[in-house]
Amino acid sequence: MEELLRRIKVEIVGNYRNFVPSLGVTTDGTWEIQILDKFESFMGPLECPIDREEVKLEEAVLCPICMTPYHLDCARLLASRREKCWKCDKFERFDLLVT
Amino acid sequence: MEPAETRKVLLTLVTDPRRFGSSLYFNPDVLGFRLGTDSWTALEALVSLEDAGILKLSAPPELELLYQVELTKVRVANFLELKGYQEITSDFKRVWLLGRVLKLESPQQLGLRLTDYSPRLSALSGNLTKMLKLFESKSLVSKEVYMRVASSVMRETASAARDAKEILSELSDLVRTISQLISRLREARSSIEETSAKLGIKLEENESLIRAYRESERELLELLGLVKSKLLESFPNWSAVLTSYDKLRSEFGATGQDFISALETMKSINDKFVLVTQIG
């Protein structure tokens, strides 16, 4: 019967962000909200900051620090120029991700 | 659900890398592992969040047929007491959860159990045997004696038929449900196979559905056989009674409506046994 469960679709429809702090999360909650902020950006279409085009999640190269998605070619460009992530300006080793 | 637990489930969902947009498919192993629970507890948590208006759970319509099969399996397990109380309750809870996802109303109760009503079936069986024996000896005794004994047997049979009404009706419903499900599974399977043959392609999703349908059909056939064999334990002269159905009905019709409907229900149950086995 467990095999059947794989066909169940789960959609996030409510405002879960309001729900989390309302549970009384304070210290740890700060961290949790930040994580939610990052992942909330995935709720809509992903956009590469270099060419401003949509990136498919399965094809995206993600900045390991801020999770910003890049097209593979755009990430290669950053790697070849040793440029930092356009969003967080912290990660610069894109060569490690695209080789 | 505890607030901490809710938070954990939500975080697990929104940080699931397999999520696409705002939706993802339930993966029992991964979600269960990430939440540190079994997959059914994870599904229960999701159902609670759906009640809270945060999530929306849905499942494709073909799952409804498999849900009905699972529900029937639990009903049969309860009817024949194939499992312990705890195990049946836990299976029923799982099916109930699936029903919630499919937005179907699950039954509140699992129904009767055969062993509780076994003495009533045995009593009916005994009285019907008496009727058959009486009919066989009709030519050997005077009409007066025959009528006197017959009226006594008919009175007892009427009472036994009344007592067995509930369990026969439950049995009939269960057998009818099983046979209908077997037909639906066969139809659904052949429809997918036909479409695949026409298109000339085999999709893994369809193949897994065909496997699930085939497995469910096999399980239901096994359960039907088990229902029959358990029934024969309580009703040893089942076949003899049904062979003499017309004879009993015409000779002892005056026994009353309970007797007639008991015979009709038995015949309908038996027809399902025969039909399903023949087509299978």
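Above this text sits the structure in question.
Summary of the structure given here. (Residues numbered from 1 in each chain as written. Chains lettered and ligands numbered in written order. Predicted model: local features only at pLDDT ≥ 70, side-chain atom pairs only at ≥ 80, totals over all residues. Heavy atoms only, no water.)

1. Some thoughts on the overall build of chain B
Item 1. When its secondary structure is counted, chain B shows 11 helices and 2 strands.
Item 2. Listed by position from the N terminus, the elements making up chain B come as α-β-α-α-β-α-α-α-α-α-α-α-α.
Item 3. Considering chain B as a whole, with its 280 residues, one finds that 47% of them fall into the buried category.
Item 4. Summarising the internal contacts of chain B: among those between residues at least 6 apart in sequence, 74% fall at separations of at least 24.
Item 5. Surface summary for chain B: the accessible area is close to 14200 Å², and the carbon and sulfur share equals 52%. (Helix = DSSP H or I, 4+ residues; strand = E, 2+ residues; numbered from the N terminus. Buried < 20%, exposed > 50% of the residue type's maximum accessible area, 1.4 Å probe, protein only. Contact = heavy atoms within 4.5 Å. Areas by Shrake-Rupley, 256 points an atom, 1.4 Å probe, with all protein chains shown as cover.)

2. Focus: the nonpolar core
Item 1. Among the nonpolar cores identified, the biggest contains 90 residues, and Phe 26, Leu 46, Leu 124, Phe 235 and Phe 252 of chain B are the most heavily contacted of them.
Item 2. Considering each element in turn, this core owes the most residues, 18 residues, to helix α7 (residues 143-199) of chain B.
Item 3. Residues contacting Leu 46 of chain B, with those up to four places away along its chain left out, are Val 10 of chain A together with Val 9, Leu 13, Phe 26, Leu 31, Leu 55 and Leu 57 of chain B.
Item 4. If you look at the next biggest cluster of nonpolar residues, it comprises 18 residues, including Cys 48, Cys 63, Tyr 70 and Phe 91 of chain A. (Core = buried A, V, L, I, M, F, W, Y, C linked by side-chain atoms within 4.5 Å.)

3. Comments concerning the packing of aromatic side chains
Item 1. For the structure shown, the criterion picks out 3 aromatic pairs over all chains.
Item 2. Measuring from ring centre to ring centre gives 5.3 Å for Tyr 70 of chain A and Phe 94 of chain A, while their planes differ by 80°; the resulting arrangement is edge-to-face. Of this pair, Tyr 70 of chain A sits in strand β5 (residues 69-70) while Phe 94 of chain A sits in the loop between α4 (72-81) and α5 (95-98), and the two are 24 residues apart along the sequence. The pair Tyr 70 of chain A / Phe 94 of chain A is uniform in exposure class, with both members buried.
Item 3. Plain terms: the ring middles of Phe 91 of chain A and Phe 94 of chain A are 5.2 Å apart, the flat faces sit at 75° to each other, and that makes the pair edge-to-face. We note that Phe 91 of chain A, like Phe 94 of chain A, is buried.
Item 4. In this structure an aromatic cluster arises from ring pairing among Tyr 70, Phe 91 and Phe 94 of chain A.
Item 5. Here Lys 267 of chain B stacks its cationic end above the ring of Tyr 245 of chain B, 5.6 Å away from the centre of that ring. (Phe/Tyr/Trp six-rings, centres within 6.5 Å; stacked < 30°, edge-to-face > 60°. Lys NZ or Arg CZ within 6 Å of the ring centre and 35° of its normal.)

4. Side note on the pairing of strand β1 (residues 9-12) of chain A
Item 1. The sheet contact formed by β1 of chain A and strand β1 (residues 23-25) of chain B spans 3 bridges and is antiparallel. Across the sheet, residue Val 10 of chain A finds its bridge partner in β1 of chain B, namely Leu 24 of chain B.
Item 2. As defined by bridge partners, β1 of chain A adjoins strand β2 (residues 55-58) of chain B across 4 bridges and the pair is classed as antiparallel. Pairing of Val 10 of chain A across the sheet is with Leu 57 of chain B, part of β2 of chain B. (Pairing = 2+ DSSP bridges.)

5. Topic: the environment of Lys 73 of chain B
Residue and element names in this part refer to chain B.
Item 1. With respect to the secondary-structure elements, Lys 73 resides in helix α4 (residues 62-80).
Item 2. Apart from residues no more than four positions distant in its own chain, Lys 73 is found in contact with Glu 219 and Leu 223.
Item 3. Within the structure, the side chain of Lys 73 is placed 2.8 Å from the side chain of Glu 219, a separation counted as a polar contact. (Polar contact = N/O pair within 3.5 Å; in protein donor to acceptor, adjacent residues only side chain to side chain.)

6. Overview of the side chain of His 71 of chain A
All names here are of chain A.
Item 1. Relative to the assigned elements, His 71 resides in the loop between β5 and α4.
Item 2. Taking relative accessible area as the criterion, His 71 reaches 18% and is therefore assigned buried.
Item 3. A distance of 2.9 Å separates the side chain of His 71 from the backbone oxygen of Glu 54, its partner in a polar contact.
Item 4. In contact with His 71, not counting residues within four places along its chain, are Cys 48, Asp 51, Glu 53, Glu 54 and Val 55.

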